[in-house]
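Given next are the chains, with one letter for each unit.
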Amino acid sequence: MSTPLTTAPAAAPPPRHAPDSMTAGGPVPDEDRYQALFRATYADLVRFVERRLHPLAAEDVVAEVFIVAWRRLEEVPEEHGRARAWLFGVAQRTMLNARRGDARRQALAVRVGTALPADVVPDGSDHVVSQVDLARAWCLLSPSDQEALTLTALDGLSTVEAAQVLGISRTALSLRLVRARRRLRVHLDHPATPRTAAADDGGPR
């Protein structure tokens, strides 16, 4: 069994591991700021990736994200929440690019087990939903719906930050959340098959 990588190392991987061409002809990144960014965001980034990939694969993605962060440090926002969203966006693109052979990919399926927070349950539920029922209904959602709910409920992003990660407008993200919560409510009240759930993932993006 693999061990999650949620405990940050004492320091970020030395930037010297990145290709020399990353800083050639440009300013040398601020290593102190890079180390501070690493310490402040490492655990959240690992959790973000491990919900979407096997932990062994997650290690490579996290390392790649921080290499990109070192190379483009001037582009990383100063504010913590926006910096997290920036790193999550890089991770999202890295993971999707690794699956570019799948012409149907639109989002990454999110593994949450049974540890789903109460605020994922849509408003208007007629009964107290058990974690088992919620986990079962979650598996019936499309990856696109799972991603929208996870970014805001589990990853702790605002709608603006979640939209930034997905590369869509805030309005589009808000509409996607409405659809995802509605579908989750339907699956809780009227259990369906995974095939039915996948077929229901149409509509504008």
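Description of the structure in this document. Worth saying up front: this structure is predicted, and the values here are computed from it rather than measured.

## Quick notes on the packing of helix α1 (residues 31-50) against helix α3 (residues 80-97)
Right, so step 1: One way to put it is that α1 packs onto α3 with a least axis distance of 10 Å and a crossing angle of 45 degrees. In terms of axis orientation, α1 runs oblique to α3. Here α1 and α3 pass one another in a crossing that is right-handed. In contact with Leu37, Ala40, Thr41, Asp44, Leu45, Phe48 and Val49 of α1, α3 contributes His80, Ala83, Arg84, Leu87, Phe88, Ala91, Gln92 and Met95.
Right, so step 2: Class assignment for the residues of the contact of α1 with α3 results in 10 nonpolar, three polar and two charged.

## Brief notes about the pattern of salt bridges
Right, so step 1: Counted by the stated rule, this structure contains eight salt bridges.
Right, so step 2: Between arginine 47 and aspartate 44 there is a salt bridge; the shortest N-O distance is 2.6 Å. Placement of both arginine 47 and aspartate 44 in helix α1 is noted, with a separation of three residues, approximately one turn of the helix.
Right, so step 3: Here arginine 47 falls in the partly exposed class, since its relative accessible area comes to 35%.
Right, so step 4: With its nearest N and O atoms 2.5 Å apart, the salt bridge here joins aspartate 155 to arginine 51. A residue pair is termed long-range when its members are at least 10 positions apart, and aspartate 155 in the loop between α5 (143-153) and α6 (159-166) and arginine 51 in the loop between α1 and α2 (55-71) qualify at 104 residues. Of the two residues, aspartate 155 and arginine 51, both sit in the buried class.
Right, so step 5: Residues joined by salt bridges that share partners form a network here, namely Arg51, Arg52, Glu147 and Asp155.

## Some points on the packing of aromatic side chains
Aromatic ring pairs: the centre-centre distance and the angle between the two ring planes describe each pair.
Right, so step 1: Overall, the coordinates contain five aromatic pairs when judged by the stated rule.
Right, so step 2: Seen in terms of ring centroids, phenylalanine 38 and tyrosine 42 are 5.0 Å apart; in terms of plane orientation they differ by 40 degrees. Their pairing is tilted. In this pair, phenylalanine 38 and tyrosine 42 both sit in helix α1, four residues apart, roughly one turn of the helix. With respect to class, phenylalanine 38 is no different from tyrosine 42; both count as buried.

Thresholds applied
- Each chain has its residues counted from 1, following the order in which its sequence is written.
- The predicted nature of this model means local features are confined to residues of pLDDT at least 70 and side-chain atom pairs, given and counted, to a pLDDT of 80 or more, with totals for whole chains, interfaces and linings taken over all residues.
- Computation of side-chain values: all heavy atoms of the structure, hydrogens and water removed.
- Lines fitted to the C-alpha atoms define the axes, with helices restricted to the stretch that makes contact. Angles between their N-to-C directions range from 0 to 180 degrees.
- Here a strand is any run of E in DSSP of at least two residues, a helix any run of H or I of at least four, and the numbering for each starts at the N terminus.
- The cut-offs work like this: below 35 degrees is roughly parallel, past 145 is roughly antiparallel, 65 to 115 is roughly perpendicular, and the gaps in between are oblique.
- Helix crossings are classified by the rotation of the near helix relative to the far one: an anticlockwise turn of less than a right angle makes the crossing left-handed, while a clockwise turn makes it right-handed.
- Contacts are assigned to residue pairs that have any heavy atoms within 4.5 Å of one another.
- Ten residue types, Ala, Val, Leu, Ile, Met, Phe, Trp, Tyr, Cys and Pro, are classed as nonpolar, four, Asp, Glu, Lys and Arg, as charged, and the remainder, Gly among them, as polar.
- Salt-bridge detection follows one rule: a side-chain nitrogen of Lys or Arg within 4 Å of a carboxyl oxygen of Asp or Glu.
- Each residue gets one of three labels from its accessible area relative to the maximum for its type: buried under 20%, exposed over 50%, partly exposed in between, using a 1.4 Å probe on protein chains only.
- Classification of ring pairs uses Phe, Tyr and Trp, with its six-membered ring standing for Trp, and accepts pairs whose centres are within 6.5 Å; under 30 degrees between planes counts as stacked, over 60 as edge-to-face, and the remaining range as tilted.

That's the geometry; what it means functionally is another story.
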